Amino acid sequence: MQGTALNFSAVCCTIDFPDDSSPRIVRLHCATKVQLLDDGRYGIYITSREIKAIDPGTDEENIIFKILSAPQNGYLENVISGKFISDHFTQKDLNMKSLLYIINPSVNVYEDSVEFVVTDLSGNRAEPQRLEIKWCRIELPQAMYEVCETEALVSLKITRGGYAADSAFISLQVNGVSAVVGQDFSSSPSRLIQFDPGTIIFIGHSEGIFLV
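Residues numbered from 1 in each chain as written. Predicted model: local features only at pLDDT ≥ 70, side-chain atom pairs only at ≥ 80, totals over all residues. Heavy atoms only, no water.

Turning next to the overall build of the protein. If you tally the helices and strands in the protein, you get 1 helix and 18 strands. Across the 212 residues that make up the protein, the buried fraction comes to 31%. A separation threshold of at least 6 residues defines the contact pool for the protein, and within that pool the share at least 24 residues apart is 65%. Surface summary for the protein: the accessible area is close to 13900 Å², and the carbon and sulfur share equals 50%. (Helix = DSSP H or I, 4+ residues; strand = E, 2+ residues; numbered from the N terminus. Buried < 20%, exposed > 50% of the residue type's maximum accessible area, 1.4 Å probe, protein only. Contact = heavy atoms within 4.5 Å. Areas by Shrake-Rupley, 256 points an atom, 1.4 Å probe, with all protein chains shown as cover.)

Spelled out as structure tokens, the structure:
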């Protein structure tokens, strides 16, 4: 009986398992730090310090935050592109500090929120979440303070409205107009005023005329 020769060859196979793991929120903190922008607007940066999601094996630009409910008292803006954000943003946007909440100064409200759900390219998603955005407004109740030359001090009342759970710091600048500092009036060398958590009224004493 004649034998038959058999030839064998090796085949290498790669098996891709479907990605069924959902992104996970590991950080979600209220955004509160207001900044004065170069164009005169006020905004609050939303970064990975406020929101952070992870998804093993997924790049940060593919961790997507789909907006379910947009802010009602302001709006979101991408500072790199300058575009209005209404649909989604990514973890990469948060890491690059390109997400900014713009405060609407015509609305006398000091809080807002954005509801979102985080997903990946495979469609896996976490439970919907809500980011709280809160801030305060610090102002002088009077537009001008005057003191006569015979009076030694002028009392300044500064109030804080809105979110008061955190500390707040403001700087105070004196405009002497026709008066000369050091001759007609003097001011405190410390121009930084601190509001401690829970404090809503600050009363200080300085000399001279203050225009705010």
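A separate point is the sheet that holds strand E8 (residues 88-90). Judged by pairing direction, the sheet is antiparallel, and its 4 strands sit side by side in the order E8-E5-E10-E11 without closing on themselves. Strands at the two margins of the open sheet, each flanked by one partner only, are E8 and strand E11 (129-134). Direction aside, neighbouring strands of the sheet carry axes that sit 35° apart on average. As judged from the 6 bridges shared by strand E10 (residues 111-119) and E11, these two strands associate in the antiparallel manner. Bridging across to E11, Val114 finds its partner in Leu131. (Pairing = 2+ DSSP bridges. Axes fitted to C-alpha atoms, helices over the stretch in contact; angles between N-to-C directions.)

The next point concerns the nonpolar core. Ranked by internal contacts, the top residues of the largest apolar core, which has 22 residues, are Ile46, Ile51, Phe65, Leu76 and Tyr101. Residues in contact with Leu76, not counting those within four places in the same chain, are Ile46, Ile67, Pro71, Lys83, Phe84, Ile85, Leu99, Leu100, Tyr101 and Val114. In terms of nonpolar packing, the next biggest core, distinct from the first, is built from 5 residues, Leu140, Ile158, Ala168 and Phe195 among them. (Core = buried A, V, L, I, M, F, W, Y, C linked by side-chain atoms within 4.5 Å.)

Next up on the list: the environment of Phe202. Positionally, Phe202 belongs in strand E17 (residues 201-206). In this structure, the C-alpha to C-alpha distance between Phe202 and Thr159, residues 43 residues apart in sequence, is 6.3 Å. If near-sequence neighbours (up to four positions away) are discounted, Phe202 is found in contact with Leu156, Lys157, Ile158, Ile193, Gln194 and Phe195.

This part is about the packing of aromatic side chains. Under the counting rule described, the total for this entry stands at 4 aromatic pairs. Pairwise contacts between aromatic rings join Phe65, Phe89 and Phe116 into one cluster. (Phe/Tyr/Trp six-rings, centres within 6.5 Å; stacked < 30°, edge-to-face > 60°.)

This part covers the confidence of the model for the protein. Per-residue confidence for the protein averages 83 on the pLDDT scale, and 81% of its residues sit at or above 70. Here residues 207-212 scores under 50 on pLDDT; set against residues more than four positions off or in separate chains, the count is 23 contacts. (pLDDT = per-residue confidence, 0-100.)

Before going further, it helps to examine the pattern of salt bridges. Pairs may arise between side chains of opposite charge once their charged atoms sit close together. Overall, the coordinates contain 4 salt bridges when judged by the stated rule. Linking Glu139 and Arg137 is a salt bridge whose minimum nitrogen-to-oxygen distance equals 3.4 Å. A network of salt bridges, in which partner residues are shared, links Asp39, Arg41 and Glu77. (Salt bridge = Lys/Arg side-chain N within 4 Å of Asp/Glu carboxyl O.)

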